[in-house]
Structure formats: structure tokens, C-alpha cells
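Residue-level structural notes
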Amino acid sequence: MSGHRTEVVDLSVVVPAYNEEERLGPTLEAVTAYLSENEGRWGEWEVIVADDGSTDGTRETAALEHPRVQLVTSDRNRGKGSALRLGVAASRGRRVLVTDADLAAPITELERLDKALSEGHTAAIGSRSVPGAAIDNRQHRVRELLGRAGNFLIRTTAVPGIRDTQCGFKLFEGDRAREAFAASRLDGWGIDVEVLQHFHRSDWPVAEVPVRWSHQPGSKVGPLDYARVLTDLARLRARAVRPADLLVTVLFLLMAVALYSGRVFDPDHRYLPDSLQDQNQWEWFFAVTADNVAHLRSPLFTDLQGFPDGVNLMANTVMLGLSVPFAPLTLAAGPAVALSVCMTLGLAATAAAWYWLIVKRVVRQRAAAFLGASLAAFAPPMVSHANAHPNFVILFMIPLIIDRALRLCAGTRVVRDGVVLGLMAAYQVFLGEEPFLLAALGMTLFAAAYAAVRRDVAREAWRPLLKGLLIGAAVCLPLVAYPLYWQFTGPQSYRSVLHGDDVGNSPLSLIAFAERSLFAGDAQTANSLSPNPTEQNAFYGWPLVALAFAILVRLWEQALVKALAFTAMAAAVLSLGPKIRIPLTDTVYPGPWALLADKPLFESVIEGRVAMVCAPALGMMVAIAVDRLAATRAVGTMYFGFLGVLLALAPLVPAPLKSAERAEVPAFFTDGTWRSYVREGESLVPVPLPDSGVAEALHWQTAADLGFRLPGGYFNGPYGEDRIGIYGASPRYTSNMLRDVRWTGVVPIIGKNWQAQAKRDFAYWKAGVLVVVPQPNDDKLRTALHKLTGRAGKWTHGVWVWDLHQGGKGLSGGSGRRNPTATDQRR
């Protein structure tokens, strides 16, 4: 072993070794012989053996006596990473070759790596996975499969674009190798990934070079080492997270918790009144999905509502992409807890995803990206939908889809990115189709605008983008084909949902303030300009509109700003609907939405929701402006610029969503009394039947562990021969009459015709019992039922009941009384 030398050499070869007394000698002889014979090509060279605390005769290997071989040692075994760090630190070469002690890739393959460095790369790594590689002696099949799986994870999480990071034959520029290895922290097999990640983040070009490789006996890689590499990957990912990014994620979570603070801490007993009946509906969606999963039934259909016809769940927004994964939590803690956790985490994840996209694609300044993402995720329309519509709140896939589409435009890995895009699109279908459609509309608007101002980019991007989209469609469609077939042609499918012709936004709503604005909220104005509290789809406020206009004028030279501004303006105009009424007048003009209103898919869209596209577009414009302000040296410009941003965003800060104490579920449902009245194959009929106006019966049903079926309900289903979509089950004469009694307090004259009709309707519903809970006009409802059935109801366990089995055959067409201990057929 020679002493430490400081003069520079042309090439250093670093060989890590641990208990390699049998293999190290032949390896060193082959390396030194090759380099000696090719002295003219490789110049001055050295070989450094980094012994990692060997306990055998590795340090006494005869080949170590060669004058150009240096041995550096560790006091104990720490791992390959530690040995390489030690060896590279001792190197002096302008180029550094790292090779394993088994010399699985022959030293002659150095020529291929050297050629790649000569072409401008800073590192050339030997690869067994690129075209041109030759494998003479393969590993065991299991190890090969584990290696491929590991490389896939590595490409996905740490070093994109490199197929084989673990081949132990790599050539680096010397100074950059010493910098990267000195910055490394891993002691194990993950060192290769960590060093290559350093090169990737430093934008130092790396070439993956095919080499000839042969598996050698005596490998030191054991089965547990694959798990250790995965652990190292996790450590790398955790270490890669910047403190600022972690802080932003925590802030988004705290913001979501603050918004839902009225429900999040006691979801079982709190209700968001502005959700109207939607909270009941969504909790039911989560409950029925979990029940279907637990009993291995199809999650696409159920007859628990709308009995006996049932509900096409795929034709309703049940968010199978989350309600299925959340099934264990729903089963363990109940649907109220599961929905609350899902919406809170989902909103925070959406904000984090927009932040990630903005940092990656728009600005580097973290504070600017935070403001932009906050606007994208917590804009007034998002807050409005946060009351009741998780499908419009949980949008974390949309930024990921946008990023993948932008990758396609680069044209580097079209097939891979197209496949990933297809998988993402398929998953988004199971999160929400309408928000996906609106996102696609927004992306189309942006692409058209950007292509118009940057035609050179468009010419380069359209072919790989089109190819990637076709690949994505080829991947996505087979995954969603059957669910979509069921949605549009399966039982209880419908043609379209008609929302009326007044669901477009008023032009005034674009510049007004939302009801839930912490500083400027005006419930009266907001309610007069929107259909209901869950559909306040604009309300960005005039200060933000003014700020966006100022950003457009000031940064007009930026193509991205122009495209974002066009996207926001076009979406705002489309959101006004097919007919645009000029405020304070009776003048009505046709709107551009009329071109889409009757087209497939678009015919079911609430056009006012198109204004939600403005949120991320405006968020990115604000981020660009703040990023520019942070970089300016003009104090006055910075001061007044930040003041303008603050004044524009302050009115958008949301107040926590309103919450109220939830009504108690009558003991009749919670203690199982209902089981004495409902036979197998029968339904329990709440009076009036549940619908979109009163859906508390869904909560009673989930409180009873979905033990009984309900006629009526709150869902989308077909009506009439044309199968037009409506909210709830197809109405029947008796259900309409009882609903009118509930709301008006007027009992019609009930004679034999009404009694006969009620008997037919009860039989259609296969009713076992009629139930009236305390409610407004419940005395009128009891009177109506008394006249329909010929007998008074019985008060029991907090409700009035009419047992339709009493008196022989009964009004429902059944016979006899159910045994109180009988078990429902679904149990």
C-alpha cells in the first residue's frame, strides 16, 4: 500500500470490497494488466481498493502490492455506500471509474463509457437494460425480477429516465464524482441512486451505456438487500423534501382543517347546513360502497335506495376511486368520519398538488407558488362546493394530469408518459367525470391560446402530444369501458340530467364577494346571484379581477400570462350559460355555451361550474406576479405590488363552513326495533319518502348499518320512457301526495280511490312498515296515513309506525308478522 499522494492522475479506478479474498485478486490483475497494456490511451492511472471492514484475508491479497494500487480501509463494515465514499474521496483522477469487485462488466467495457464522456456527458453508467447490452450469464430469475421491480421504483421515485442504476460499472468526471459522493449519506446499496440523483438535480448530463455483463458467483447481494434498497429509496425521498415544501403542505392541511372546523372534530354529531341534503347523500355513498366491498358485491349498483328498482351507482358520483380505498375506515368508524377525513385530506392534497405543479412548471419562488396554489384550491367556488361536493373539492389528480400532458409535449418519453396519462385519466374517471370534463375544457382553452402565441412551440409539440393522447386513450378506455357501459346502459341508467336554463352565472357573480368570505361576505347578495349555497361558482371579487387585468397588462410579453388570462376569461364567459342577461336590464344575448349545451356529456353539466376553471388560471397568474415582484429591486414597485396582491386576495379568505348540531336518530332505527316490522325482501317506508329536499332517512339507514331498503331517495335516476335523469326515484301518486302534505300541511279528501292507489303503491314498494318521525306537519301526515290504511299509527321508540302486516294479508301484499329475531337476507 502506498502513501497518500496529491498529484492528479488521468484515471482512478475505485473497487469497493468486503470479504473478497477469493475474487479481488483476479479482478485487480485484470484491471492493472489492461491499463498497463493501454498506457497510451489511459495515461496516468491508479486503482483504489476501499475495504469495508473485511474479516477474511482481503487486505492480504497479493495483487494489492502493485505500485499503482492503493488500499483504504474502514474500521468496521458499514456497507457499499460507505466504502465507495471512502474510495472516491481518496481518488485523484480526472475521471473516476467505479467497478464492483466481481468485475461482472469486463474492464474492456471502459472504452464504451469513456466515449460517452468524450461526447459531453458528466457520467456514463453501464447498463444491462438498454439496447445493445449483452448478458452472457444471467442471474436467477427471481433476482432478475426483483431487480427490474426495484429499477422501476427507482425510475419512478428518484432518477427518472435511467433504466439500470445498480449495474456496478460507472465512469464519472472526477471532481463531480468527488462532490456527489461527498454529499451522499447512504451507507448501503442505495448509494448508486443517491449519487445519480445528485447528478440529475445538478443538471449534469448522464449517459446510460450498454455493456457486456455476466453474473458472477459469490454475490454479496442477499434477499434482504432488496428491502434495504427500498428503505434507502424512502430515505432519499424524505430527504429530498425541502423544509419549505413540508411547511406548505402542513399549512394546507391546517387551512383545510380550519375550513371544516365545525364538523371535523365531531363528524358524527355535526352537519353542514349549507350542504342542504348532500352530506346525507355522500355519507350514504361511502356507506353503501363500503358495504358492497365488505360483502364482495358489485360497487356499481344497489337497491338500498330507490327500492325495488335500485340505483345505478356508476351513474351517480360515488367516487369509487376514494370510497373503495376508504372502505376500511368507513366500516370501522362510520361514513360520517370517513367522509370528513376524506374531504379534509382531499382538499389539502389538491392544494399541495397545485403547489407542486406551480413550483415545477411556473415559478421557483416557494411563497409565490403557495399563494397561487391557495387561490386554486381555496377560491370561493371551491369553498362553496366544499360544503357538499367532494368530487369538486378533491382534484389532486388534475395537476398531475396537466403535468403529464406537458411532458408529452416535450416528446422525450411519449410511450411511457402516454401510458401513465391513461392510468391517471382512468383513475380520475372514478373520482369525478364532470370535473374531469371541465378540466379538459380548461386545458383545451389553454392549449389553443398558448399555441396561438407560441406557434413554434406548438409545431414541435403537437405530434408527440397527439401520439401520447392516443396511447393514453388506448390505456384508459379498456379500464373504464365496462363501468361506463354500465353507467350509460345498465339498470337505472338515464340519458341526461336537466338542470333548467338558469344555472349559468350572472355576470355580477364574477365580481361579487362570496357568502363565506371572512372579510367581505354578503349572504344576501351571494344567494341572490346563485342557485344555492353549494353552487356559488364564481364570486372572485372585483379586486382580483382588477389585479388579473393589471398582471396581464404589465406582463404582456409573457406567453404563459396571455394563455392563462385567455383561459380565465373564456371560462368565465362560458360559465354565463347559453343565454347571457345583461345586469339590471331585460336584455338577453346568446352565450357561447349554447354551442355546447346540447352536446353529449355537456348537456348534463351545470354551466356555472365552468367558472371553477378560472381558479387555477388566476392562481398561476398571481404566482407569476409575486415571483416577479420578489425579484425586483425597485422598492416602490415591490411595496405597491405586494399591497395590491394583498388587497385582492384578502376578500377571498374563507370563513369556516357553517355547522349545526345534527338531529338525533330515533331509537327505532338505532336499537334494531325496525327489524320487527320488515321482512326479507321488503322495504321500510319513511313518510314522506326521502328525496333531494328531505334525505334524513339516508342517515337513519346508515345508522342502522344499511339493514333495510328504502323506496325513494336522493340520487340520479331515470324518469319516463325517455329515461330523462331526475333527482330521486320516479314519483308515484302516493309519494307525491304525502310529500305535498308534509310541505303544505293540507290533507286532501281521501276516499276509496286514494286507498286503492296507496295499496298499489305500497305493494310496488314491497312495504313492510310505514314510519313517521317527528317533523313539521307530522300530525297531518298521521291523519293522511290513518285514512289511507284505515287505522292509526303506533308510537314506538321515537316514531309512529303502521305495520302493514297487521290484519292478515295487509296492505303491502305480504302475510303474517316477521319474527323479531329474524335476520335480514343481506346479513
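In the block above lies the structure referred to throughout.
Residues numbered from 1 in each chain as written. Predicted model: local features only at pLDDT ≥ 70, side-chain atom pairs only at ≥ 80, totals over all residues. Heavy atoms only, no water.

Some words on unusual backbone geometry
Keep this limit in mind: Numbering goes from the N terminus for both helices and strands, where a helix is a DSSP run of H or I of at least four residues and a strand is a run of E of at least two.
In the segment running from Phe307 into Pro308, the intervening peptide bond is cis, with an omega of 5°. By the secondary structure assignment, Pro308 is in the loop between strand S11 (301-302) and strand S12 (311-312). The linkage connecting Val687 with the following residue, Pro688, adopts the cis geometry, with an omega of 0°. Mapped onto the secondary structure, Pro688 falls in the loop between strand S16 (683-686) and helix H27 (696-703). Phi angles above zero are rare outside glycine, and Asp203 is one such case at about 60°. The residue Asp203 is located in the loop between helix H7 (191-201) and strand S8 (206-210) in this model.

Quick word on empty space enclosed by the protein
Selection criterion: We place a 1 Å grid over just the protein atoms. Points where a 1.4 Å probe fits but has no way out form a cavity, open points with protein on both sides within 12 Å along at least 5 of 7 lines form a pocket, and any residue with an atom within 4 Å of a point lines it. Grid points are joined across faces, edges and corners, and a volume is the space filled by probe spheres set on the points. Residues were grouped as follows: Ala, Val, Leu, Ile, Met, Phe, Trp, Tyr, Cys and Pro as nonpolar; Asp, Glu, Lys and Arg as charged; and all remaining residues, including Gly, as polar.
According to the stated counting rule, one finds 3 cavities of 30 Å³ or more in the structure shown. Approximately 90 Å³ is the volume found for the largest cavity. Taken together, 13 residues line the largest cavity, and the ones lying closest to its centre are Pro380, Val383, Ser384, Ala514 and Arg516. The residue inventory of the lining of the largest cavity, partitioned by class, reads 6 nonpolar, 4 polar and 3 charged. Its volume calculated, the second largest cavity comes out at about 40 Å³. Contributing to the lining of the second largest cavity are Leu84, Val98, Lys170, Phe172, Phe181, Ile191, Asp192, Val195 and Leu196. For the lining of the second largest cavity, the secondary-structure elements that each account for two or more residues are strand S7 (169-173) and H7. In terms of residues, the lining of the second largest cavity owes the most to one element, H7, which gives 4 residues. Broken down by class, the residue content of the lining of the second largest cavity amounts to 7 nonpolar, no polar and 2 charged.

Some words on the pairing of strand S1 (residues 9-17)
Here is the rule: Each residue is placed in one exposure class: buried if its accessible area under a 1.4 Å probe, protein chains only, is under 20% of its type's maximum, exposed if it is over 50%, and partly exposed if it falls in between. Two strands are said to pair when DSSP picks up at least two bridges between them.
For S1, the tally of buried residues reaches 8 of 9 residues, placing the bulk of the element in the interior. Of the pairings in the sheet, the one linking S1 to strand S4 (residues 93-99) comprises 5 bridges and is parallel in character. Considered in S4, the bridge of Ser12 is made with Val96.

Observations concerning the pattern of salt bridges
Quick note on the threshold: One side-chain nitrogen of Lys or Arg within 4 Å of one carboxyl oxygen of Asp or Glu is enough to make a salt bridge.
Taken as a whole, this structure holds 38 salt bridges when the rule is applied. The residue Arg297 makes a salt bridge to Asp291 at a minimum N-O spacing of 2.4 Å. A salt bridge links Asp417 to Arg416; the shortest N-O distance between them is 3.3 Å.

Description of the side chain of Asn292
Where we set the bar: Contact criterion: two residues are considered in contact whenever any of their non-hydrogen atoms come within 4.5 Å of each other.
Note on placement: Asn292 falls in helix H11 (residues 278-294). Excluding its chain neighbours within four sequence positions, the residues that come into contact with Asn292 are Arg297, Ser298, Pro299, Phe301 and Leu313.

Looking at the packing of helix H14 (residues 335-361) against helix H24 (residues 614-631)
How two helices sit against one another is set out by the angle between their axes and by the gap between those axes. What counts is decided by this rule: Lines are fitted to the C-alpha atoms to define the axes, a helix being fitted only along its stretch in contact, and any angle between axes, read from their N-to-C directions, falls within 0 to 180 degrees. Relative orientations are named as follows: roughly parallel for angles under 35 degrees, roughly antiparallel for angles over 145 degrees, roughly perpendicular for angles from 65 to 115 degrees, and oblique for any other angle. Two helices that cross are described as forming a left-handed crossing if the nearer one is turned anticlockwise from the farther one by less than a right angle, and a right-handed crossing if clockwise.
H24 packs onto H14 with a crossing angle of 45° between their chain directions and a minimal axis gap of 11 Å. When the axes of H14 and H24 are compared, the pair comes out oblique. Our pair here, H14 against H24, has a crossing hand that is right-handed. For the pair H14 and H24, contact is made by Trp354, Leu357 and Ile358 and by Pro616, Met620 and Ala623, respectively. Taken together, the residues that form the contact of H14 with H24 break down as 6 nonpolar, no polar and no charged.

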